[in-house]
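Each chain is listed here by its residues.
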Amino acid sequence: MKLKLVYSLRLLFIANLFVFTMWSLLLVLKKDAHSNVEHSNLKNSDDKDTEKRINKLKKSLKNRYPSQLDYIEAYIVKDLPVIYAVTPTYTRWTQKADLTRLAQTLLHVPNLHWIVVEDAERKTPLVTKFLKYSGLQYTHLNSKTDANYKLKADDPNWLLPRGVAQRNAGLSWIRKNVPPSTSGVLYLMDDDNTYSLKLFEEMRTIATAAVWPVGLTGGLKFEGPGSCSGGKVLSWYTAWKPERPFPIDMAGFAVNLKLFFQHKNAEFSNKVPRGYLESHFLTSLDLTRDDVEGKVEDCSEILVWHTRTEKATLKQEAKLISMGNPSNPDIEV
């Protein structure tokens, strides 16, 4: 066992050393190329040769570590607060499609760490492979929902709290792996919502906690803060249980990491009344409606939509299987 551990650590060290060496070499070559351009006696052929060497090294890195080079070049911006986005997900026919849409939005967001948590006993090959080639900086976790709180196939989606174990697993990972002094924001993202890039830039400047309206939720055009002025929420727009401490959707708030780290017991609970998941979490941070900042042009824009992907029934697929003519099982959907 010890030999296996030593061998694994050695391989990890060699891999990291390779990445560091190749990246350092790239930087040196780029610096040389840029400084050489300033000399009028540099031949065009030399420029082309240097560029070829850089591209060759990039290709070598890309082949060995598919997501690392893209992340280094595109996603690390000095002094920009990091967004830690926690996304619960579960196995279904549309899972990969939903994750693909979300990931390709997040590819445009610098300094974002995506924490994807599967509702499963163990990490699935589909999500593992998907994240490996996503090009994003990510953490892949799994946490199975307690059977007592698991929705049945025919249950309405509002019957029981959803994503509790997965969100709490993400919060736990942040507490254990992110230094409390980190400048950043915690945001909770469903895997089938739709997000504007502008929303992520809005949330980076959150001092403590902030809210904004979410489109197409609560049976309304939007739900959440209805009017704001100077960052202060003046009224809330909701039709169902307006007495909730925070009548808001999960996608309609984010909190500064410093506030999160100050409350070690802040988490989600399966034992709250229907529609109180968000309120329970925000009040566990000792927040009231007066404490939160109204973002997004004083709550006048919708930058996130609670879209839900239609459930895939695949009736014809089942029919062909019953006829002994199933589809290729090796094709991943």
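First things first, this report covers the structure right here in the doc. Model, not experiment: these values are computed from the prediction.

Section: the side chain of Asp 98
(1) Moving on: Position of Asp 98 relative to the elements: it lies in helix H4 (residues 95-106).
(2) Moving on: On the basis of relative accessible area, Asp 98 is assigned to the buried category, the value being 2%.
(3) Moving on: Among the polar contacts listed, one links the side chain of Asp 98 to the side chain of Arg 101, at a separation of 3.2 Å.
(4) Moving on: Filtering out sequence-adjacent residues up to four positions away, Asp 98 remains in contact with Arg 92, Asp 191, Asp 192 and Thr 309.

Observations regarding the pattern of salt bridges
Two side chains of opposite charge can pair, provided their charged atoms sit close to one another.
(1) Moving on: Tallied over the full model, the rule gives 11 salt bridges.
(2) Moving on: Among the ionic pairs, Arg 92 bridges to Asp 98, the shortest N-O distance being 2.9 Å. Asp 98 carries the same exposure label as Arg 92, and that label is buried.
(3) Moving on: Here Asp 119 ties to Lys 150 by a salt bridge, and the two come within 2.7 Å at their closest N and O atoms. Placement of Asp 119 in the loop between strand E2 (112-118) and helix H5 (125-132) and of Lys 150 in the loop between strand E3 (138-142) and helix H6 (164-177) is noted, with a sequence separation of 31 residues between them.
(4) Moving on: The class of Asp 119 is buried, set by a relative accessible area of 13%.

Looking at the nonpolar core
(1) Moving on: One finds Ile 174, Leu 186 and Phe 281 to be the most contacted residues of the largest nonpolar core, which totals 38 residues.
(2) Moving on: Val 109, Val 127, Tyr 195 and Leu 303 belong to the second largest nonpolar core, which has 31 residues in total.

Things to note about the state of the cysteines
(1) Moving on: Across all of its chains, the model carries 1 disulfide by this definition.
(2) Moving on: Here Cys 228 is linked by a disulfide to Cys 299, with a sulfur-sulfur distance of 2.0 Å. Between Cys 228 and Cys 299 the disulfide shows an S-S torsion of about -75°. By sign, it is left-handed. Residue Cys 228 is located in strand E8 (residues 222-229), and its partner Cys 299 is located in helix H10 (residues 296-299); the two are separated by 71 residues in the primary sequence. Comparing Cys 228 with Cys 299, the two get one shared label, buried.

Overview of the environment of Ser 235
(1) Moving on: Structurally, the position occupied by Ser 235 is in strand E9 (residues 232-237).
(2) Moving on: On the accessibility criterion, Ser 235 (30% relative accessible area) is partly exposed.
(3) Moving on: Along the sequence, Ser 235 and Arg 289 sit 54 residues apart, while their C-alpha atoms lie 9.8 Å from each other.
(4) Moving on: Among the polar contacts made by the side chain of Ser 235, one reaches the side chain of Ser 227 at a distance of 2.7 Å.

Quick look at the packing of aromatic side chains
(1) Moving on: The tally for this structure, following the rule as stated, stands at 9 aromatic pairs.
(2) Moving on: Summarising the aromatic geometry, the rings of Tyr 187 and Tyr 195 are spaced 6.1 Å apart at their centres and angled 85° between planes, so their arrangement reads as edge-to-face.
(3) Moving on: Look at Tyr 187 and you get buried, because its relative accessible area is 0%.
(4) Moving on: Overall, the relative accessible area of 6% leaves Tyr 195 in the buried class.
(5) Moving on: Centroid distance Phe 222 to Tyr 237: 4.9 Å. Interplanar angle 35°. Geometry classified as tilted. Linking Phe 222 in strand E8 with Tyr 237 in strand E9, this pair joins segments that are 15 residues apart in sequence.
(6) Moving on: Judged by relative accessible area, Tyr 237 falls into the partly exposed class, the value being 38%.
(7) Moving on: Seen from the ring of Tyr 90, Arg 92 lies directly overhead, with NZ or CZ sitting 4.3 Å from the centre.
(8) Moving on: Of note, Arg 167 hangs over the ring of Phe 268, and the distance from its end group to the ring centre comes to 5.8 Å.

Some thoughts on a nonpolar patch on the surface
(1) Moving on: A contiguous nonpolar patch, built from Trp 93, Leu 314, Ile 331 and Val 333 and spanning about 430 Å² of accessible area, is present on the exposed surface.
(2) Moving on: By the element assignment, Ile 331 lies in the segment after helix H11 (315-322).

What to know about the pairing of strand E4 (residues 184-188)
Consecutive side chains along a regular strand alternate between the two faces of the sheet.
(1) Moving on: Burial within E4 is extensive, with 5 of its 5 residues counted as buried.
(2) Moving on: Neither face of E4 is exposed, since Gly 184, Leu 186 and Leu 188 on one face and Val 185 and Tyr 187 on the opposite face are all buried.
(3) Moving on: Here 3 bridges tie E4 to strand E10 (residues 253-256), and the two strands are oriented antiparallel to one another. Across the sheet, Val 185 pairs through a bridge with Asn 256, a residue of E10.

Examining unusual backbone geometry
(1) Moving on: Phi at Val 296 is positive, roughly 65°, even though this residue is not glycine.
(2) Moving on: As for its position among the elements, Val 296 is in helix H10.

Conventions used here
Residues numbered from 1 in each chain as written. Predicted model: local features only at pLDDT ≥ 70, side-chain atom pairs only at ≥ 80, totals over all residues. Heavy atoms only, no water. Helix = DSSP H or I, 4+ residues; strand = E, 2+ residues; numbered from the N terminus. Buried < 20%, exposed > 50% of the residue type's maximum accessible area, 1.4 Å probe, protein only. Polar contact = N/O pair within 3.5 Å; in protein donor to acceptor, adjacent residues only side chain to side chain. Contact = heavy atoms within 4.5 Å. Salt bridge = Lys/Arg side-chain N within 4 Å of Asp/Glu carboxyl O. Core = buried A, V, L, I, M, F, W, Y, C linked by side-chain atoms within 4.5 Å. Disulfide = S-S within 2.5 Å. Phe/Tyr/Trp six-rings, centres within 6.5 Å; stacked < 30°, edge-to-face > 60°. Lys NZ or Arg CZ within 6 Å of the ring centre and 35° of its normal. Patch = residues over 30% accessible without salt bridge, like charges linked within 9 Å, V, L, I, M, F, W, Y side chains within 5 Å. Areas by Shrake-Rupley, 256 points an atom, 1.4 Å probe, with all protein chains shown as cover. Pairing = 2+ DSSP bridges.

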